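# Structural overview for review
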Amino acid sequence: MRLRAEKAAKLKKMEDKKRKEREKRIAETEGGKAASAKTYPPSKFIRSSLEKFYSENCPDKLGNLDKIMEKFTGKWGKLEAGLRKAYKDKAPDFCKLYATSDKN
């Protein structure tokens, strides 16, 4: 009986450790509470930047702009990562654009 209890406690400890590691990875990849978390500009600015980017690089996606904004609201880091993966150096950095714009 004692062996079962020790095994169960060890298994629970391992599961807790895995869960914490998974939560940490999710936070880092989704722009959550990562150590280097950015403060992103307002959604309105991101939308206009994204609209300009797509009009220059992929006009076909302009029709999906509302869906994209809805999907990534609050997850701007994840959106930027996806754009960097697909468009490499052409992808916008919303924070840098905002800092150099006259809208701040």
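Look a little higher up for the structure.
Summary of the structure given here.

Here we take up unusual backbone geometry. Positioned with a positive phi, Lys 88 is a non-glycine residue whose angle comes to about 55 degrees. Relative to the helices and strands, Lys 88 resides in the loop between helix H4 (76-87) and helix H5 (94-100).

Below, the discussion takes up the nonpolar core. The biggest cluster of nonpolar side chains holds 15 residues, and the ones touching the most others in it are Leu 50, Tyr 54, Leu 79, Leu 83 and Tyr 87. When residues of this core are traced back to their parent elements, those giving at least two are helix H2 (43-57), helix H3 (65-72) and H4. When neighbours within four sequence positions are excluded, Leu 50 is seen to be in contact with Leu 65, Ile 68, Met 69, Leu 79, Leu 83 and Phe 94.

Tallying each qualifying case throughout the model produces three salt bridges. Between Arg 47 and Asp 66 there is a salt bridge; the shortest N-O distance is 2.9 Å. In this pair, Arg 47 is assigned in helix H2 and Asp 66 in helix H3, connecting sequence segments 19 residues apart. Taking relative accessible area as the criterion, Arg 47 reaches 31% and is therefore assigned partly exposed.

Interaxial distance between H2 and H4 falls to 13 Å at its minimum, and their mutual angle equals 10 degrees. On the basis of the axis angle, H2 is roughly parallel to H4. H4 is crossed by H2, and the crossing has left-handed handedness. Every residue of H4 that contacts H2 at Ser 43, Ile 46, Leu 50, Phe 53, Tyr 54 and Asn 57 is listed here: Trp 76, Leu 79, Leu 83 and Tyr 87. Of the residues assigned to the contact of H2 with H4, the class counts are eight nonpolar, two polar and no charged.

The rules behind the values
- Residues numbered from 1 in each chain as written.
- Predicted model: local features only at pLDDT ≥ 70, side-chain atom pairs only at ≥ 80, totals over all residues.
- Heavy atoms only, no water.
- Helix = DSSP H or I, 4+ residues; strand = E, 2+ residues; numbered from the N terminus.
- Core = buried A, V, L, I, M, F, W, Y, C linked by side-chain atoms within 4.5 Å.
- Buried < 20%, exposed > 50% of the residue type's maximum accessible area, 1.4 Å probe, protein only.
- Contact = heavy atoms within 4.5 Å.
- Salt bridge = Lys/Arg side-chain N within 4 Å of Asp/Glu carboxyl O.
- Axes fitted to C-alpha atoms, helices over the stretch in contact; angles between N-to-C directions.
- Parallel < 35°, antiparallel > 145°, perpendicular 65-115°, else oblique.
- Left-handed = near helix turned anticlockwise from the far one by under 90°.
- Nonpolar A, V, L, I, M, F, W, Y, C, P; charged D, E, K, R; others polar.

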